[in-house]
Amino acid sequence: MKMPTPDQTVLARRAEIAAALREIVPGEGVIDAAEELRAYESDGLTAYRQPPMLVCLPSTVAQVSAVLKYCRKNGIKVVPRGAGTSLSGGALPLADGIVLGMAKFNKVIEIDWANRCAVVQPGVTNLGISDAVAARGFYYAPDPSSQIACTIGGNVAENSGGVHCLKYGLTTNNVLGVELVLMDGEIVRLGGKHMDAGGYDLLGVVVGSEGLLGVVTEVTVRILKSPETARAMLLGFPTSETGGDCVGAIIAAGIIPGGMEMMDRPAIHAAEAFVHAGYPLDVEALLIVELDGPQAEVDDLIARVEAIARARGAIYARTSTNEDERQTFWAGRKAAFPAVGRISPDYYCMDGTIPRKRLPEVLARMAEMSKRYGLRVANVFHAGDGNLHPLILYDANQPGELERAEAFGADILRLCVEVGGVLTGEHGVGVEKRDLMGTMFNENDLNQQQRLKCAFDPEGLLNPGKVFPVLHRCAELGRMHVHRGAVRFPDLPRF
């Protein structure tokens with residue numbers, strides 16, 4: 001008898017899995033055509049591409065549960081995916097795994113005005129939540145630049161922020177509860193409509209877990225009343241260092257703006273050419289500072305902020321006079337990433353966080369790195385909370401430029417950790433920063449983090465290959481744990 005070739009065996013296995021998934025998710029719920037799988041081969045980190053074995057698109061919680069239960073029973077890896085806007089490769093597929101796309105979970109389930117919260121499915125876009133509550137003067141505070149496309153499920157996975165996270169917090173500060181399906185198909189609820197829950201902070205563990213612990217099928221978010229007054233200021237500086245110094249001075253004065261963003265000359269010029277937001281073109285750095293609250297308070301804070309900026313060397317100051325002008329100021333900042341795409345064939349968007357007081361030093365050292373690597377960099381970042389987003393400009397068609405851009409980016413992240421910061425503020429670790437985790441954590445730290453994953457996903461089937469530079473089987477971690485005589489990580493309760 002002629003034995004099947006390895007390729008034939010793989011194809012037969014793939015066909016078997018596709019047939020089983022179609023039993024669970026009928027109709028167009030399973031994608032296996034090569035040309036259609038191409039749409040899922042990468043997320044926003046497009047330098048890395050890998051078509052998945054299959055894509056499954058469930059539309060009910062029961063289907064998600066059944067798919068995960070089947071995959072666990074058969075040892076099939078699963079990569080959860082929202083809108084695919086992740087910039088760290090968090091949704092990068094695996095050749096021997098399925099992509100579980102949550103795009104069909106796109107409904108607002110409930111708006112609870114009395115409790116000031118909304119219950120939504122994970123495929124609802126970030127901006128869609130604010131749009132759903134805007135008629136009664138409410139909004140959802142975290143607002144990533146990709147808010148028109150990114151989904152709340154992806155925001156939960158990466159703990160996304162946005163331009164207003166300085167005052168109103170990241171996703172973790174605005175999510176009250178989630179419904180989560182574990183790898184064995186069990187459906188659990190964490191949190192609810194209340195602010196805090198007793199016991200382990202499992203909700204805090206899930207937000208920012210990058211799809212390694214479970215699949216989110218419902219999210220309860222906090223909605224806020226829109227402020228009475230909001231006005232934005234443009235403050236221009238002769239150097240990036242003086243702009244960075246002003247950031248620290250504003251916070252030191254006890255002023256917490258609704259948002260405080262910074263852009264350098266390349267980013268300013270790119271955004272202005274793209275959006276025509278009215279940005280000054282004769283400055284090296286631009287701060288966008290928004291003050292919100294009662295009218296009298298906003299007027300007072302604007303005067304104080306301008307005085308601080310002038311004392312720190314500001315050579316330009318302009319304040320919005322109406323809502324349309326305020327929105328225009330922000331439109332330039334939120335379009336900065338696509339705007340930079342017009343001046344370079346490719347760019348690599350970094351994400352690291354530093355103490356605010358080190359901002360001038362870090363900007364100066366990044367400028368030195370730019371010269372050393374021979375690559376331009378445009379800086380666009382959340383200055384108020386020290387979350388940097390340097391955009392390293394390169395051309396992937398030029399041999400070696402992508403590799404230089406990645407090396408440049410790795411040095412920026414090492415610098416962030418060196419000055420007391422962290423590897424990521426809101427983009428997550430994914431595959432991009434996975435091999436730099438040892439810069440920030442020692443072996444014991446990483447092993448303990450993996451033990452937590454093992455408590456949720458013992459076989460390591462959910463989004464494997466992300467976050468951890470070295471993977472251990474859960475049994476190995478258990479033996480290491482006992483051998484070292486450390487305090488045993490407590491068993492998590494069944495929910």
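Residues numbered from 1 in each chain as written. Predicted model: local features only at pLDDT ≥ 70, side-chain atom pairs only at ≥ 80, totals over all residues. Heavy atoms only, no water.

Visitor: Explain unusual backbone geometry here, please?
Guide: For residues that are not glycine, phi is negative in most cases, and the peptide bond is trans in most cases. Despite not being glycine, Asn159 has its phi angle at roughly 55°, a positive value. Residue placement: Asn159 occurs in the loop between α5 (152-158) and α6 (165-168). Here Asn159 falls in the buried class, since its relative accessible area comes to 16%. (Helix = DSSP H or I, 4+ residues; strand = E, 2+ residues; numbered from the N terminus. Buried < 20%, exposed > 50% of the residue type's maximum accessible area, 1.4 Å probe, protein only.)

Visitor: Honestly, the packing of aromatic side chains in this entry has me stumped. Any pointers?
Guide: Between two aromatic rings, the relevant description is the distance of the centres plus the angle of the planes. Here the structure, examined in full by the defined rule, presents 4 aromatic pairs. A centroid spacing of 6.4 Å and a plane angle of 85° characterise the contact between Tyr139 and Tyr168, whose relative ring orientation is edge-to-face. With a gap of 29 residues between them, Tyr139 in strand β7 (residues 138-139) and Tyr168 in helix α6 connect regions that are remote in the sequence. Tyr139 sits in the buried class, given a relative accessible area of 17%. In this structure Tyr168 comes out as buried when scored by relative accessible area, which is 18%. (Phe/Tyr/Trp six-rings, centres within 6.5 Å; stacked < 30°, edge-to-face > 60°.)

Visitor: Explanation requested: helix α14 (residues 401-418) in the structure shown.
Guide: Side chains that are three or four residues apart share a direction in an α-helix, a result of its 3.6 residues per turn. The end-to-end C-alpha separation of α14 is 25 Å, in line with the 26 Å expected for 18 residues at 1.5 Å each. Buried residues of α14: Glu401, Ala405, Phe408, Gly409, Ala410, Asp411, Ile412, Leu413, Leu415, Cys416 and Val417, and no others. Gly420 sits one or two residues past α14 and shows a positive phi near 100°. (Expected span 1.5 Å × (residues − 1).)

Visitor: Where do I start with the packing of helix α13 (residues 359-373) against α14 in this structure?
Guide: How two helices sit against one another is set out by the angle between their axes and by the gap between those axes. The geometry of α13 relative to α14 is characterised by a closest axis approach of 11 Å and an angle of 155° between their N-to-C directions. When the interaxial angle is binned, α13 and α14 end up roughly antiparallel. For α13 against α14, the interelement crossing comes out right-handed. From α13, Val362, Arg365, Met366, Met369, Ser370, Arg372 and Tyr373 reach across to α14, where they touch Arg404, Ala407, Phe408, Asp411, Ile412, Leu415 and Glu418. For the contact of α13 with α14, the per-class residue count stands at 8 nonpolar, 1 polar and 5 charged. (Axes fitted to C-alpha atoms, helices over the stretch in contact; angles between N-to-C directions. Parallel < 35°, antiparallel > 145°, perpendicular 65-115°, else oblique. Left-handed = near helix turned anticlockwise from the far one by under 90°. Contact = heavy atoms within 4.5 Å. Nonpolar A, V, L, I, M, F, W, Y, C, P; charged D, E, K, R; others polar.)

Visitor: What's the story with the state of the cysteines in this structure? I'm lost.
Guide: By definition, a disulfide links the sulfur atoms of two cysteines through a covalent bond. Tallying each qualifying case throughout the model produces 1 disulfide. In this model, Cys454 is linked to Cys474 through a disulfide, with the two sulfur atoms separated by 2.0 Å. In this structure, the disulfide formed by Cys454 and Cys474 twists by about -100° around the S-S bond and is classed as left-handed. Residue Cys454 is found in helix α16 (residues 443-456), and its partner Cys474 is found in helix α17 (residues 474-484); the two are separated by 20 residues along the sequence. Cys71 supplies the cysteine sulfur nearest to Cys56, a cysteine that is in no disulfide, at a spacing of 7.6 Å. According to the relative accessible area criterion, Cys56 is buried, its value standing at 0%. (Disulfide = S-S within 2.5 Å.)

Visitor: Explanation requested: the sheet that holds strand β3 (residues 77-81) in the structure shown.
Guide: Paired through backbone hydrogen bonds, the strands of a sheet run either parallel or antiparallel to each other. Taken in spatial order, the 4 strands of this open sheet run β1-β2-β4-β3, and their pairing is mixed. One side of each edge strand has no neighbouring strand; the edge strands of this open sheet are β1 (30-31) and β3. In this sheet, strand β2 (residues 54-56) lies alongside β1 in antiparallel orientation, the contact comprising 2 bridges. Looking across to β2, one finds that Ile31 is bridged to Val55. Where helix α3 (residues 61-73) meets the sheet, it contacts β2, β3 and β4 (97-101), and its direction lies at approximately 170° from that of β4. (Pairing = 2+ DSSP bridges.)

Visitor: Even after reading the chapter, I still don't get the pattern of salt bridges, so can you show me in this structure?
Guide: As a working rule, side chains carrying opposite charge can pair if their charged atoms are close by. Taken as a whole and assessed by the stated rule, the structure comprises 30 salt bridges. The partner of Glu459 in a salt bridge is Arg72, with the nearest N and O atoms 2.8 Å apart. A residue pair is termed long-range when its members are at least 10 positions apart, and Glu459 in the loop between α16 and α17 and Arg72 in helix α3 qualify at 387 residues. In this structure, Lys193 engages Glu110 in a salt bridge whose closest nitrogen and oxygen atoms are separated by 2.8 Å. Residue Lys193 is located in the loop between β9 (187-191) and α7 (202-206), and its partner Glu110 is located in strand β5 (residues 108-112); the two are separated by 83 residues in the primary sequence. A relative accessible area of 32% places Lys193 in the partly exposed class. (Salt bridge = Lys/Arg side-chain N within 4 Å of Asp/Glu carboxyl O.)

Visitor: Sorry if this is basic, but what is going on with the nonpolar core here?
Guide: Across soluble globular proteins, nonpolar side chains show a tendency to be buried alongside one another. Formed by 84 residues in total, the largest nonpolar core has its most connected members in Val175, Val219, Leu287, Val289, Leu291, Leu359 and Ile392. Per element, the largest residue contribution to this core is 8 residues, and it comes from α14. Not counting residues up to four positions away in its chain, the partners in contact with Val175 are Tyr140, Val156, Leu203, Val207, Val219, Thr220 and Val221. (Core = buried A, V, L, I, M, F, W, Y, C linked by side-chain atoms within 4.5 Å.)

Visitor: Is there a simple way to think about the packing of helix α8 (residues 240-252) against helix α10 (residues 295-311) in this case?
Guide: Following both chains from N to C, one finds α8 and α10 inclined at 140°, their axes separated by 9 Å at the closest point. One finds that α8 runs oblique with respect to α10. Crossing of α8 against α10: the hand is right-handed. Judged by residue contacts, Cys246, Ala249 and Ile250 of α8 engage Val305, Ile308 and Ala309 from α10. Tallied by class, the residues present in the contact of α8 with α10 amount to 6 nonpolar, no polar and no charged.

Visitor: I would appreciate a short explanation of the side chain of Glu261 in the present structure.
Guide: Relative to the helices and strands, Glu261 resides in strand β13 (residues 259-264). Judged by its relative accessible area of 1%, Glu261 is buried. Among the polar contacts made by the side chain of Glu261, one reaches the side chain of Arg333 at a distance of 2.8 Å. Side chain to side chain, Glu261 and His382 meet in a polar contact 2.8 Å long. (Polar contact = N/O pair within 3.5 Å; in protein donor to acceptor, adjacent residues only side chain to side chain.)

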